[in-house]
Amino acid sequence: MKFEFPARGEWARLPTPIEKLERLSTDLGLNLWIKRDDQTGFEWNGNKIRKLEFLAKDALLKGATCLVTCGGVQSNHCRATAALAAKLGLRCVLILRGQAPEKIRSNHLLDQLFGAEIFYVTPEQYYEGMEDFRLLIDGQIRAQGGKTYFIPEGGTGALGCFGYAQAFRELEEQRKEKGLPAFDSIVVAHGSGGTQAGLVLGQLLDEETETKIVGVNVCYEEKESFRLVKEALWSAIQQHHLPLAFMAQDIRILPGFRGRGYALSAPEELSFLRKVAREEGLLLDPVYTGKALRGLYETAKQRPDFFGKNVLFIHTGGGFGLFQLEDEWKEVVS
Ligand SMILES: Cc1ncc(COP(=O)(O)O)c(C=O)c1O
């Protein structure tokens, strides 16, 4: 379907490469490619910048002077927002869930290097009082003559969805240019759901492809993950008056790979990161992409037909999270 996307800033390094993972492909008996969205730019590497290209552009068009967003203390999304705000000469306020950590490292260190102003809130305040915090910050910034623009967690929402609808267009163009076969499945890590929702939106707009888009839920339970994708997709379709319909089967969640829980690592997960680093020279992150690619790998081993023969995994970044762990690595790399 011909549809002009909303205005977008061009800040990410695009298109990101598509590469074949040779040894994993042989191991699994399929063609496994990876789209390197971990290379969208060092400072804002990962999937969030694609959503921010739409959101921050909207903020600029509305005359905002300060980006406000929220997430966990080690949020990749918050770090990417802080980096982009600095690049654009905007203020950035982060509402972080949790206490100020004793050690300043990884994304949380970078938030501060980029000059973000940080509020730490308890999980109760985060989940129940976010609106109050937003109003408080908004009032303070307005009193100083500024204007805020609020970006939801993970950049997920009606506008943020276009980040991966655009990525879907990009990867289809690349695939055709390179003469690659149609992808039977595209697999991605699922957190706040906006990346998966955007890919499904891209596919609905494309009309030509029949790719299965699969999200590996590493953050929330399966039902909640399904709901998040459905809501983001629905709001994008409604707010942009798109004549598109989707069905429950368009939202595929692959459960069983959250392990001990969000941002918690188990030895078998870190061993998988090591295997991929050694066999493919590729770094995954322990919170999202490591669990998601492991989900793909284990599932393809047990059910060889599950993803089809031609599979694309999207590396959504998060590499700074490798430096968040300490003792967990000792047995894995010694
Ligand atoms: C590195 C990384 N990969 C994947 C995701 C999941 O993306 P989404 O929140 O759009 O589901 C996130 C963020 O949550 C992330 O930081």
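Just so it is clear, the structure is predicted and the values come from calculations on it, not from any experiment.

Moving on: the pairing of strand S2 (residues 31–36). Consecutive residues of a regular strand have side chains that alternate between opposite faces of the sheet. Burial analysis of S2 places 5 of its 6 residues in the buried class, the great majority of the element. When strand S1 (residues 18–20) meets S2, the two strands line up antiparallel, connected through 3 bridges. When the sheet's bridge partners are listed, Lys20 is paired in S2 with Trp33. Across 6 bridges, S2 lies against strand S10 (residues 310–315) in parallel orientation. Its bridge partner lying in S10, Trp33 is registered against Leu312.

The full set close to the ligand counts 15 residues, and Lys48, Lys51, Ser192, Thr195 and Thr316 are the nearest of them. Here Gly193 contributes a backbone N or O atom positioned 2.8 Å from an oxygen atom of the ligand. Within the contact set of the ligand, a nitrogen atom lies 2.7 Å away from a side-chain nitrogen or oxygen of Thr316. Notes on the ligand: free accessible area 380 Å², of which the protein chains cover 97%. When residues of the shell around the ligand are assigned to domains, at least three map to each of domain 1 (18–46 + 157–333) and domain 2 (48–155).

The next subject is the packing of aromatic side chains. Taken as a whole and assessed by the stated rule, the structure comprises 12 aromatic pairs. Both rings, one in Phe3 and one in Phe5, keep their centres 5.8 Å apart while their planes meet at 55 degrees; by these two values the pair is tilted. Given the relative accessible area of 18%, Phe3 is considered buried. The structure contains a cluster of three or more aromatic residues connected by ring pairs, namely Phe3, Phe5, Phe54 and Phe162. We note Arg50 situated over the ring of Tyr164; from NZ or CZ to the ring centre the distance is 5.5 Å. Seen from the ring of Phe5, Arg169 lies directly overhead, with NZ or CZ sitting 3.9 Å from the centre.

Looking at the element boundaries, Ser265 is found in the loop between strand S9 (252–254) and helix H10 (267–280). Taking relative accessible area as the criterion, Ser265 reaches 9% and is therefore assigned buried. Discounting chain neighbours no more than four positions away, the residues touching Ser265 are Arg260, Leu270, Pro286 and Leu325.

Two elements in contact, helix H2 (residues 48–61) and helix H7 (residues 162–178), have axes separated by 7 Å at closest approach and are oriented at 120 degrees. Relative to H7, the element H2 is oriented oblique. Like other packed secondary-structure pairs, H2 and H7 cross with a definite hand, here right-handed. Note on element contacts: H7 touches H2 through Phe162, Gly163, Tyr164, Gln166, Ala167 and Glu170, opposite Arg50, Lys51 and Phe54. Partitioned by chemical class, the residues of the contact of H2 with H7 number 4 nonpolar, 2 polar and 3 charged.

Ranked by size, the top nonpolar core spans 60 residues in total, and within it Phe162, Ile186 and Leu201 carry the most contacts. Of all the secondary structure elements, the ones that give two or more residues to this core are H2, helix H3 (76–88), strand S4 (91–97), H7, strand S7 (185–190), helix H8 (194–206), helix H9 (222–239) and S10. The residue makeup of this core includes at least three contributed by each of domain 1 (18–46 + 157–333) and domain 2 (48–155). Excluding residues that lie within four positions of it along the chain, Ile186 makes contacts with Phe168, Leu171, Leu199, Thr211, Lys212, Ile213, Val214, Leu312 and Ile314. If you look at the next biggest cluster of nonpolar residues, it comprises 31 residues, including Ala189, Val214, Phe257 and Phe272.

Attention shifts here to the domain arrangement of the protein. In terms of domain boundaries, the protein breaks down into domain 1 (18–46 + 157–333) and domain 2 (48–155). Each of domain 1 and domain 2 has a C-alpha centre, and the two are 25 Å apart. On the domain 2 side, the residues contacting the 27 residues of domain 1 number 26 residues. For the pairing of domain 1 and domain 2, the buried interface totals around 2,100 Å² over both sides, and the portion due to carbon and sulfur atoms is 55%. If you sort the residues of domain 1 by the area they bury against domain 2, Trp44, Leu159 and Gln324 come out on top, with a joint share of 29%. Joining domain 1 to domain 2, the criterion identifies 4 salt bridges. As a salt-bridge pair, Glu326 and Arg105 come within 2.7 Å of each other at their nearest N and O atoms. On inspection of domain 1 and its partner domain 2, the count reaches 11 residue pairs in polar contact (both at pLDDT 80 or more). Counting residues per element, the ones that place at least two in the side of domain 1 that touches domain 2 are H7 and H8.

What counts, and where the lines are drawn
Residue numbering note: each chain is counted from 1, following its sequence as written. Local features in this predicted model are restricted to residues whose pLDDT is 70 or higher, and side-chain atom pairs enter the listing and the counts only when it is 80 or higher, whereas totals over whole chains, interfaces and linings include all residues. Hydrogens are left out, water is left out, and the side-chain values use all remaining heavy atoms of the structure. Here's how the labels work: a residue is buried when its accessible area is under 20% of the maximum for its type, exposed when over 50%, partly exposed in between, all with a 1.4 Å probe on protein chains only. A run of H or I in DSSP becomes a helix once it reaches four residues, and a run of E becomes a strand once it reaches two; helices and strands are each numbered from the N terminus. The criterion for strand pairing is that DSSP finds at least two bridges linking the strands in question. Being near a molecule or strand, for a residue, means having at least one of its heavy atoms within 4 Å of it. Nitrogen and oxygen atoms within 3.5 Å of one another constitute a polar contact, given that in protein one can donate a hydrogen and the other can accept it, and given that sequence-neighbouring residues count only through two side-chain atoms. The method behind every accessible area is Shrake-Rupley, applied with a 1.4 Å probe, and residues are considered shielded solely by the protein chains displayed. Domain start and end points were adopted from an automatic or database domain assignment. Two aromatic rings from Phe, Tyr or Trp, using only the six-membered ring of Trp, form a pair when their centres are within 6.5 Å; if the ring planes differ by under 30 degrees the pair is stacked, by over 60 it is edge-to-face, and anything between is tilted. Lysine and arginine charges are scored as sitting over a ring when NZ or CZ, respectively, is within 6 Å of the ring centre and within 35 degrees of the ring normal. Working rule for contacts: check all heavy atoms of both residues, and any pair within 4.5 Å makes them a contact. Angles here are taken between N-to-C directions and fall from 0 to 180 degrees, while the axes themselves are lines fitted to C-alpha atoms, restricted in helices to the stretch in contact. Reported orientations rely on four angle classes, namely roughly parallel under 35 degrees, roughly antiparallel over 145, roughly perpendicular from 65 to 115, and oblique for the rest. Each crossing is labelled by how the near helix is turned from the far one, with a counterclockwise turn of less than a right angle marking it left-handed and a clockwise turn marking it right-handed. Put simply, Ala, Val, Leu, Ile, Met, Phe, Trp, Tyr, Cys and Pro go in the nonpolar bin, Asp, Glu, Lys and Arg in the charged bin, and everything else, Gly too, in the polar bin. Remark: nonpolar core denotes a set of buried residues (Ala, Val, Leu, Ile, Met, Phe, Trp, Tyr, Cys) joined through side-chain atoms within 4.5 Å. Buried area counts how much accessible surface, traced with a 1.4 Å probe, disappears from two parts once they are put together, with both parts' losses summed. Any carboxyl oxygen of Asp or Glu that lies within 4 Å of a side-chain nitrogen of Lys or Arg is treated as forming a salt bridge with it.

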